[in-house]
Amino acid sequence: MPDITMKMMQDTLNMFAFLAAELTVLFLLISYLVGVLQEYIPPRKIQRILSGRNGRGYLVAGFLGAITPFCSCSTIPFLKGLLRARAGFGTMMVFLFASPLLNPVIIGLFAVTFGLQVTLFYFVMAMGVSVVAGYLLEKLGFEQFVKPEAYIEPLSKGCGAVCAGQAAAPISKWRRIWQATWKDFKKVLPYLIGGIALGSMIYGFMPTELVARLANDSNPFAIPVAAVIGIPLYIRAEAVIPLSAALAAKGMGLGAVMALIIGSAGASLTEVILLKSIFKNTMIVAFLAVIIAMAVSAGVLYTWLF
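Nothing here was measured: the structure is a model prediction, and the numbers come from that model.

Overview of the overall build of the chain
- Check the secondary structure of the chain and you find 14 helices and two strands.
- Relative to its full complement of 306 residues, the chain shows a buried share of 48%.
- Sequence-distant contacts, at least 24 apart, represent 83% of the contacts inside the chain between residues at least 6 apart.
- A total of about 14,600 Å² of accessible surface is found on the chain, and carbon and sulfur atoms cover 69% of it.

Some details on the environment of Phe145
- Secondary-structure assignment places Phe145 in the loop between helix 7 (116-139) and strand 1 (162-163).
- With relative accessibility at 18%, the residue Phe145 sits in the buried group.
- Residues Phe145 and Ile284 lie 139 residues apart in sequence; the distance between their C-alpha atoms is 8.9 Å.
- Not counting chain neighbours up to four residues away, the residues in contact with Phe145 comprise Phe279, Lys280, Thr282 and Met283.

Some details on the environment of Val34
- Looking at the element boundaries, Val34 is found in helix 1 (residues 2-40).
- Of the residues examined, Val34 reaches a relative accessible area of 8% and is grouped as buried.
- On a C-alpha basis, the gap between Val34 and Gly81 in space is 6.2 Å, while along the polypeptide they are 47 residues apart.
- Not counting the four nearest positions on each side in its chain, Val34 is found in contact with Pro77, Phe78 and Gly81.

So, the UniProt feature "transmembrane region" (unreviewed entry) in the chain
- According to UniProt, the positions carrying the feature "transmembrane region" (unreviewed entry) are residues 12-37, 57-79, 91-114, 120-137, 188-206, 218-235, 247-270 and 282-305.
- Helix makes up 100% of residues 12-37 and strand 0%, whereas the separation of the span's terminal C-alpha atoms amounts to 36 Å.
- Across residues 120-137, helical content stands at 100% and strand content at 0%; the span's end C-alpha atoms are separated by 26 Å.

Regarding the packing of aromatic side chains
- A complete count under the given rule lists eight aromatic pairs for this structure.
- Ring geometry for Trp182 and Phe185: centres 5.5 Å apart, planes at 35°, overall tilted. One end of the pair, Trp182, and the other, Phe185, are both in helix 8 (residues 173-205), three residues apart, so they sit about a helical turn from each other.
- Taking the relative accessible area as the measure of exposure, Trp182 reaches 37% and is therefore partly exposed.
- Looking at Phe185, the relative accessible area reads 4%, which means it is buried.

What about the packing of helix 7 against helix 14 (residues 281-305)?
- Look at helix 7 against helix 14: their axes get within 10 Å of each other, and the N-to-C directions meet at 145°. The two elements helix 7 and helix 14 meet at a crossing, and its hand is right-handed. Residues Val118, Phe121, Met125, Ala126, Val129, Ser130, Ala133 and Leu137 of helix 7 form the contact with helix 14, whose own contacting residues are Met283, Ala286, Val290, Met294, Ser297, Ala298, Leu301, Tyr302 and Leu305.
- In the contact of helix 7 with helix 14, the residues fall into 15 nonpolar, two polar and no charged.

Quick notes on the environment of Ile229
- Position of Ile229 relative to the elements: it lies in helix 10 (residues 222-230).
- Given the relative accessible area of 11%, Ile229 is considered buried.
- It is 9.4 Å that separates the C-alpha atoms of Ile229 and Ala259, two residues lying 30 residues apart in sequence.

So, a nonpolar patch on the surface
- Together, Met9, Leu13, Met201 and Phe205 make up a nonpolar patch on the protein surface, roughly 370 Å² of accessible area in all.
- For the nonpolar patch, the secondary structure elements donating two or more residues are helix 1 and helix 8.
- Within the element layout of this structure, Phe205 appears in helix 8.
- Of the residues examined, Phe205 reaches a relative accessible area of 34% and is grouped as partly exposed.

Brief notes about the nonpolar core
- Ranked by internal contacts, the top residues of the largest apolar core, which has 74 residues, are Leu102, Tyr122, Met258, Leu275, Ile278, Phe279 and Met283.
- The element contributing the most residues to this core is helix 14, with 10 residues.
- Excluding residues that lie within four positions of it along the chain, Phe279 makes contacts with Leu79, Met93, Leu96, Phe145, Val146, Lys147 and Ile284.
- Residues Leu19, Ala20, Leu23 and Ile196 belong to the second largest nonpolar core, which totals five residues.

A word on the packing of helix 12 (residues 254-266) against helix 14
- Relative orientation of the contacting elements helix 12 and helix 14 amounts to 160°, with a least axis distance of 7 Å. With respect to each other, helix 12 and helix 14 are oriented roughly antiparallel. As for how helix 12 packs across helix 14, the hand of that crossing is right-handed. Residues Leu254, Gly255, Met258, Ala259, Ile262, Gly263 and Gly266 of helix 12 pack against Phe287, Ile291, Met294, Ala295, Ala298, Gly299, Tyr302 and Thr303 of helix 14.
- In the contact of helix 12 with helix 14, the residues fall into 10 nonpolar, five polar and no charged.

The rules behind these values
- Residues numbered from 1 in each chain as written.
- Predicted model: local features only at pLDDT ≥ 70, side-chain atom pairs only at ≥ 80, totals over all residues.
- Heavy atoms only, no water.
- Helix = DSSP H or I, 4+ residues; strand = E, 2+ residues; numbered from the N terminus.
- Buried < 20%, exposed > 50% of the residue type's maximum accessible area, 1.4 Å probe, protein only.
- Contact = heavy atoms within 4.5 Å.
- Areas by Shrake-Rupley, 256 points an atom, 1.4 Å probe, with all protein chains shown as cover.
- UniProt positions renumbered as here; feature names shortened; annotations may be inferred.
- Phe/Tyr/Trp six-rings, centres within 6.5 Å; stacked < 30°, edge-to-face > 60°.
- Axes fitted to C-alpha atoms, helices over the stretch in contact; angles between N-to-C directions.
- Left-handed = near helix turned anticlockwise from the far one by under 90°.
- Nonpolar A, V, L, I, M, F, W, Y, C, P; charged D, E, K, R; others polar.
- Patch = residues over 30% accessible without salt bridge, like charges linked within 9 Å, V, L, I, M, F, W, Y side chains within 5 Å.
- Salt bridge = Lys/Arg side-chain N within 4 Å of Asp/Glu carboxyl O.
- Core = buried A, V, L, I, M, F, W, Y, C linked by side-chain atoms within 4.5 Å.
- Parallel < 35°, antiparallel > 145°, perpendicular 65-115°, else oblique.

Given below as structure tokens:
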């Protein structure tokens, strides 16, 4: 028993160290790249491209999410950039839902592991629900639950015009973007560390045998259980598909596997905690409701069709 506990503790610490390093690098890199894009692409152009008129903006946002290799956490800095560019709220939500679910890594692994037919079903479900959810959230007025400070560009520190009686040297735009990126990162760091710690503990101490037992074919609630389990069980895109295949081999139903993949890839405790720096609680509840509804509906429909 002590050996098992030590192994779980080691897995937890390893996952924490890995995710802390990976997500820190990803957040800084993506935030910086978004800052560079904002330097060269006027906010009005982004707003025009992602406008929701005639549904074009929603589809553009969905396919933009599909070609960006972001996980659920690294989507956040890009979302902040869209907020500050005043892109349409509905299209931003489509991107938030679609990006981690339809990134090229997860689609490629899905095709290799489960085949093209299942991959096409997964893609259509994730894209369709993302677009519908983004449209409905905008029409229902959920934009009011975005925190006002989320729209504000972080100001870089430094001497403006005069420092100690001398004219300050102009700061290069690259340094200015980095200073804004670093200030933004420091704001979300407590959320990031807290989310990683919780997710790592769940990852290390939740055995796959338990997940398979709770979500096997004999359990009528297997699909919703798998969807809910997937959200706190933060797993990288490269790991969620092989893990799901292993759970299926241990007796987990394929509908439940589909729900677990969507719940795990579409949301995580770390992402939810990061979203608290952008959204009010009502919006976070709505976000989780969409992910769980998507996971459950995909699992049920997959079981019925296949």
